[in-house]
Amino acid sequence: MLVIKNLEKDFGGIKAIHNCSLEVKKGTITGLIGPNGAGKTTLFNLISGIYAPDKGEIWFNGERIDGLKPHRIFRKRLMRTFQISRELQKMTVLENLMLIPYNQDGEGLSGVWFLPGKVKKQEKNNKKRAMEVLEFIELIHLKDEYAENLSTGQKKLLEIARTMMADPEMILLDEPGAGVNRTLMNKLVEDIKKINANGTTFLLIEHDMDLVMNLCDPIIVMNEGSKLTEGTAKMIKSDPRVLDAYLGV
Amino acid sequence: MPQLIINGIIMGSIIVLGSIGLTLTYGILNFANFAHGDIMAAGAYLCLFFLGLNVPFVVAVILSMCITAGLGILIDWCIYRKLREKTSVVLLIASIGAALFLRNVVQLIFGPQLVYYSSEIQMAKKLPFGIRIKPDEIFIIAASFLLIIAVHLFLKRSRIGKAMRALSDNMQLAGVIGIETEKIIFWTWGLGCALAAAGGIFLGLEVQLRPMMGWDVLLPIFAAVILGGIGSPYGAMAGGMIIGISQEVSTAFINPAYKSVVSFMILILVLLIKPSGIFGKKERLA
Amino acid sequence: MSGILSYLITLGIMAGIFAILTLGLNLQWGFTGLFNVGIAGFFAIGAYATAFLTKGPSPEHLGGLGMPIFFGLLISAVVSGLIAFLIGLPTLKLKEDYLAIATLGIAESIRLIFTNEAWLGNGNRGIKDIPKPWAELSAAPYYNLLFLLIIFIIIVFIYFFIEKSIHSPWGRVLKAIREDELVTASVGKNVFRYKLESLVIGSMFMGLAGGLYSHYISFISPDVFHPMQFTFLVWVMLILGGSGNNLGAIAGAFLVWAIWSGSEFLTDLLARISTDPKVSGMITNIQSPLRIILISVILELVLLYRPDGIFGEKKIL
């Protein structure tokens, strides 16, 4: 589904991504692990269009997407979340979600002024959908709260909720478990599994090895800007090169 | 034309002195300080004050530089420091307030009229290629050159200078290495504002003093900073010279009143062609 | 009694013109996070545009087409929006403060052009005798009241236009951009397009305000449009009123204008009471810097202690 070929990205002489090739198969929850500075988040930024790669290709669903702007990539139904949750602070939880659906007529001024009926109807549907998502994610009681007032864990859930609103074919999750307590983490894992069961592919960066080993198959290990190895949790655990990479040998 | 280039070098020296401080605070604190021009003006008027006490000129310059450095640190301490958590734009608004405050305090004390440091008329020296240059102008070029060398040595050799460059290059990186950020910010204001004072004094020497003088150089110093790449002191030096010379040379073709429009045009061109400036890092934002 | 009343009416008209500017800025900054420091420039463009179009022929300046005032005001808004469009193209894709520097530059360039190109707008001497609407009534005692009414109607119209536009999916995208551009782009919104729309529409209101000023005062010159002072005043109005709150923006405009012109009124009075010409001369000299110092201190205090303004942003559901 997502194919990366010979990707290169340089930052002021430092090779953040170097000759990186990998593939994510449809329907999987693929894990992306590796020591700090291995280039995982940079890879996400390249896939989601925040940076343009220096060289190489990124293919999604048989289409080449490298170099496209972020909003174009989203419209290919590939969505990402951020390592530190980036909720829209001075907007309510509900607004955070209702922003997501694509192709809203009311998002153009002409629609607002000349198609009020249609916009109203779409808003009603979007709101209904957002409420469903909030029910599912169990944040419904906070729907009118400013997003900045949520706890760290709730913000992570809000990020997941946003991806559900978008209903993309593939989701890039950047450290969904960071700063989340055990109870919430279990809920997060359950949610991801449920969404995956509906046919959404995941690629997720995570440092919590328990979470990765339980949730992900296959797991891709990155080191020094490229793929080191790939395999099931069991294979990764027993691969001596992975340990070497983490120890910096 | 050679005369215009010499004039450009004089203006360029002044712009360079102003833009080093601006680029460092821009790079380190990540905000465009619109008060920097008025800091220059404040320095120039402080010098006028000391000259009024019959202090020798060079001593007056040094005193003004020290006090202006303190002034910059004081403004940071009273206002900017408390807003650092907010977005860079809130700091920007605060700096506009500070700019107008400084300018009008100057006007309140010294009045709105034009003033000169000295009423004596200087004879220009004649040089080859029909260049004429006044002793004051030789002083401006020489003193600016010395100051720039001093800044260079400071940035390359001293621990604080090195940390300053690292910080303005990459705030996060510096945090990882363990640089005491607040101390560096303190020194950055001090250094930047002292240089700005020198720039302001030289501007007063070359043209004249008026409360609006800081406003007149604001666009040129911003153009120099952006041309050189935000956060790069060496870029600011090159950018300042380019802006200074282009402004003066342009007067051969268009109305001299449009000098700051010329620097603005250069600024827009840079933004269109290479927004990161000559020495800046390549960075793409969504 | 009637003296005070007519003073209040003039105060209201000018505050109303500033309220239009503040509403325009609120759309740009309060809802989209765009930092426009060129308000004086957009205002000036509007003021000159309508003067050229609506005045009768004159050797002192360009234009003189004698067109209807309504049409002149429309063009004021359009030209101002066009300038905003041109300045937005190179800067809105970059970091936010580039827009600030660029708008400041354009405002100063506009001022310098009108100052130095005498053929354009009669240079520093300015353009006088700009027609007033319903000029045949202009001698009547209630004329200013009529003008105030027009301004009031325009403010109400703009207020409802912005409110309706903001409480829509369109406005939701603008607010999302204000909060986090990167996230908004990552959920499929063309951030650049929205920023450009917001900048252009806001600047059109600023141009309209300039046009209204032109017809109210009947005289314009480049001095009025000094980029920093003028622009600053509008910013203080918005910040004091609370960015992101349209009613607050209007209230802020009236409050700051009252302080601004009230302080002038007071010092004038002091200068007149004083019998010593030296003292009254001194008061006149320090009056203008003192006012600006006062306003800038108010701004810093609000930024430090009431960052959401006096009224703050309304929670929009």
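The structure contained in this document is the topic of the report that follows. (Residues numbered from 1 in each chain as written. Chains lettered and ligands numbered in written order. Predicted model: local features only at pLDDT ≥ 70, side-chain atom pairs only at ≥ 80, totals over all residues. Heavy atoms only, no water.)

1. Description of the overall build of chain C
Here comes step 1: Each helix and strand in chain C was counted, giving 12 helices and zero strands.
Here comes step 2: Reading the helices (α) and strands (β) of chain C from amino to carboxyl end gives α-α-α-α-α-α-α-α-α-α-α-α.
Here comes step 3: Taken over the C-alpha trace, chain C has a radius of gyration of 20 Å; the compact-globule value for 317 residues is 20 Å, and the two agree within 12%.
Here comes step 4: Buried positions account for 61% of the 317 residues belonging to chain C.
Here comes step 5: For chain C, the share of sequence-separated contacts (at least 6 apart) that also reach a separation of at least 24 residues comes to 78%.
Here comes step 6: Averaging the positions of the 20 positive and the 19 negative side-chain charges in chain C gives two centres separated by 5 Å. (Helix = DSSP H or I, 4+ residues; strand = E, 2+ residues; numbered from the N terminus. Rg over C-alpha atoms; globule rule 2.2 N^0.38 Å. Buried < 20%, exposed > 50% of the residue type's maximum accessible area, 1.4 Å probe, protein only. Contact = heavy atoms within 4.5 Å. Lys, Arg positive; Asp, Glu negative; His and termini not counted. Charge placed at Lys NZ, Arg CZ, Asp CG, Glu CD.)

2. Re the interface of chain B and chain C
Here comes step 1: Opposite the 46 residues of chain B that make contact, chain C presents 47 residues.
Here comes step 2: Interface area, chain B with chain C, both sides summed: about 4000 Å², of which 76% is carbon and sulfur.
Here comes step 3: If you sort the residues of chain B by the area they bury against chain C, Ile93, Trp215 and Tyr258 of chain B come out on top, with a joint share of 16%.
Here comes step 4: The interface formed by chain B and chain C holds four residue pairs in polar contact (both at pLDDT 80 or more) in total.
Here comes step 5: The element best represented in the side of chain B that touches chain C is helix H4 (residues 88–110) of chain B, accounting for 17 residues.
Here comes step 6: Taken together, the residues that form the side of chain B that touches chain C break down as 36 nonpolar, seven polar and three charged. (Buried area = accessible area lost by both parts, 1.4 Å probe. Polar contact = N/O pair within 3.5 Å; in protein donor to acceptor, adjacent residues only side chain to side chain. Nonpolar A, V, L, I, M, F, W, Y, C, P; charged D, E, K, R; others polar.)

3. Here's the deal with the state of the cysteines
Residues and elements named next belong to chain B.
Here comes step 1: Counting across every chain of the model gives zero disulfides over all chains.
Here comes step 2: Here Cys193 is not cross-linked by a disulfide; its sulfur's nearest cysteine counterpart is in Cys66, at 12 Å.
Here comes step 3: By relative accessible area, Cys193 is classed as buried at 1%. (Disulfide = S-S within 2.5 Å.)

4. Looking at the nonpolar core
Here comes step 1: Phe34 and Tyr80 of chain B together with Phe18 and Phe35 of chain C are the most contacted members of the largest nonpolar core, which has 249 residues in total.
Here comes step 2: The residue makeup of this core includes at least three contributed by each of domain 1 (2–86 + 167–247) and domain 2 (88–149) of chain A.
Here comes step 3: Not counting chain neighbours up to four residues away, the residues in contact with Phe18 of chain C comprise Phe230, Leu233, Val234, Met237, Ala253 and Trp257 of chain C.
Here comes step 4: Among the nonpolar cores identified, the runner-up in size contains 25 residues, and Leu2, Cys20, Ile58 and Met222 of chain A belong to it. (Core = buried A, V, L, I, M, F, W, Y, C linked by side-chain atoms within 4.5 Å. Domains from an automatic or database assignment.)

5. Side note on the packing of aromatic side chains
Here comes step 1: Applying the stated criterion to the full structure yields 25 aromatic pairs over all chains.
Here comes step 2: With a centroid separation of 5.8 Å and an interplanar angle of 85°, the aromatic rings of Phe139 of chain B and Phe202 of chain B are classed as edge-to-face. Linking Phe139 of chain B in helix H5 (residues 135–157) with Phe202 of chain B in helix H8 (residues 181–206), this pair joins segments that are 63 residues apart in sequence.
Here comes step 3: On the basis of relative accessible area, Phe139 of chain B is assigned to the partly exposed category, the value being 30%.
Here comes step 4: On the basis of an interplanar angle of 25° and a centroid distance of 4.9 Å, the ring pair of Phe18 of chain C and Trp257 of chain C is categorised as stacked. Highlighted residues: Phe18 of chain C in helix H1 (residues 2–30) and Trp257 of chain C in helix H11 (residues 246–273), separated in sequence by 239 residues.
Here comes step 5: Take Phe18 of chain C: its relative accessible area is 3%, and that puts it in the buried class.
Here comes step 6: The class of Trp257 of chain C is buried, set by a relative accessible area of 13%.
Here comes step 7: For Arg86 of chain A, the ring lying beneath its charged end belongs to Phe82 of chain A, and the centroid distance is 4.8 Å.
Here comes step 8: The ring of Tyr194 of chain C has Arg193 of chain C sitting right over it, with the charged end atom 4.6 Å from the ring centre. (Phe/Tyr/Trp six-rings, centres within 6.5 Å; stacked < 30°, edge-to-face > 60°. Lys NZ or Arg CZ within 6 Å of the ring centre and 35° of its normal.)

6. Topic: the side chain of Ser261 of chain C
Here comes step 1: With respect to the secondary-structure elements, Ser261 of chain C resides in helix H11.
Here comes step 2: For Ser261 of chain C, a relative accessible area of 8% puts it in the buried group.

7. Details of the sheet that holds strand S5 (residues 63–64) of chain A
All names here are of chain A.
Here comes step 1: Read from one edge to the other, the open sheet built from four strands follows the order S2-S1-S4-S5, with strand pairing classed as antiparallel. Looking at strand neighbours, the two that pair on one side only are strand S2 (14–24) and S5, the edges of this open sheet.
Here comes step 2: Looking at chain direction, strand S1 (residues 2–11) and S2 are connected through seven bridges and run antiparallel. Across the sheet, Lys9 pairs through a bridge with Ile17, a residue of S2.
Here comes step 3: Here helix H1 (residues 40–47) sits on the sheet in contact with S1, S2 and strand S4 (55–60), set at roughly 110° to S1. (Pairing = 2+ DSSP bridges. Axes fitted to C-alpha atoms, helices over the stretch in contact; angles between N-to-C directions.)

8. Here we look at the environment of Asn30 of chain B
Here comes step 1: Structurally, Asn30 of chain B can be placed in the loop between helix H1 (2–29) and helix H2 (36–52).
Here comes step 2: Of the residues examined, Asn30 of chain B reaches a relative accessible area of 36% and is grouped as partly exposed.
Here comes step 3: It is 24 Å that separates the C-alpha atoms of Asn30 of chain B and Met241 of chain B, two residues lying 211 residues apart in sequence.
Here comes step 4: Those residues in contact with Asn30 of chain B, other than ones at most four positions away along the chain, are Thr25 and Ser88 of chain B together with Lys95 of chain C.

9. Observations concerning a nonpolar patch on the surface
Here comes step 1: A cluster of nonpolar residues, Met1, Ile5, Phe253 and Ile254 of chain B, forms a patch on the protein surface that exposes about 410 Å² of accessible area.
Here comes step 2: Note on placement: Met1 of chain B falls in the segment before H1. (Patch = residues over 30% accessible without salt bridge, like charges linked within 9 Å, V, L, I, M, F, W, Y side chains within 5 Å. Areas by Shrake-Rupley, 256 points an atom, 1.4 Å probe, with all protein chains shown as cover. Salt bridge = Lys/Arg side-chain N within 4 Å of Asp/Glu carboxyl O.)

10. Some remarks on the packing of helix H10 (residues 233–250) of chain B against helix H11 (residues 259–273) of chain B
Residues and elements named next belong to chain B.
Here comes step 1: The N-to-C vectors of H10 and H11 enclose an angle of 130°; their axes lie 9 Å apart at closest approach. Overall, the two elements H10 and H11 adopt an arrangement that is oblique. In this structure, H10 meets H11 at a crossing whose hand is right-handed. Residue-level inspection shows Ile243, Ser246, Gln247, Glu248 and Ser250 of H10 in contact with H11, the latter providing Lys259, Ser260, Val262, Ser263 and Ile266. (Parallel < 35°, antiparallel > 145°, perpendicular 65-115°, else oblique. Left-handed = near helix turned anticlockwise from the far one by under 90°.)

11. Focus: the packing of H1 of chain C against helix H6 (residues 143–166) of chain C
All names here are of chain C.
Here comes step 1: Packing of H1 against H6 leaves a shortest axis separation of 9 Å and a crossing angle of 20°. Here H6 runs roughly parallel to H1, going by the angle between their axes. Crossing of H1 against H6: the hand is left-handed. Between H1 and H6, the contacting residues are Ile9, Thr10, Gly12, Ile13, Gly16, Ile17, Ala19, Ile20, Leu23 and Leu27 on the first element and Asn144, Leu145, Phe147, Leu148, Ile151, Ile154, Ile155, Ile158, Tyr159, Ile162 and Ile166 on the second.
Here comes step 2: Along the lines of polarity and charge, the residues of the contact of H1 with H6 split into 17 nonpolar, four polar and no charged.

12. Overview of the sheet that holds strand S10 (residues 226–231) of chain A
Residues and elements named next belong to chain A.
Here comes step 1: Reading across the sheet, the six strands line up as S6-S7-S8-S3-S9-S10 and stay open at both edges, with mixed pairing between neighbours. Both outer strands of the open sheet, strand S6 (78–80) and S10, are each paired with one neighbouring strand and no more. Ignoring which end each strand starts from, the neighbouring axes of this sheet average 20° apart.
Here comes step 2: Pairing of strand S3 (residues 29–33) with strand S8 (residues 201–205), which is carried by four bridges, proceeds in the parallel orientation. From the neighbouring strand, Thr30 faces S8, where its bridge partner is Leu203.
Here comes step 3: Packing against the sheet, helix H7 (residues 182–197) makes contact with S3, strand S7 (170–174) and S8, and its axis sits at approximately 150° to S8.

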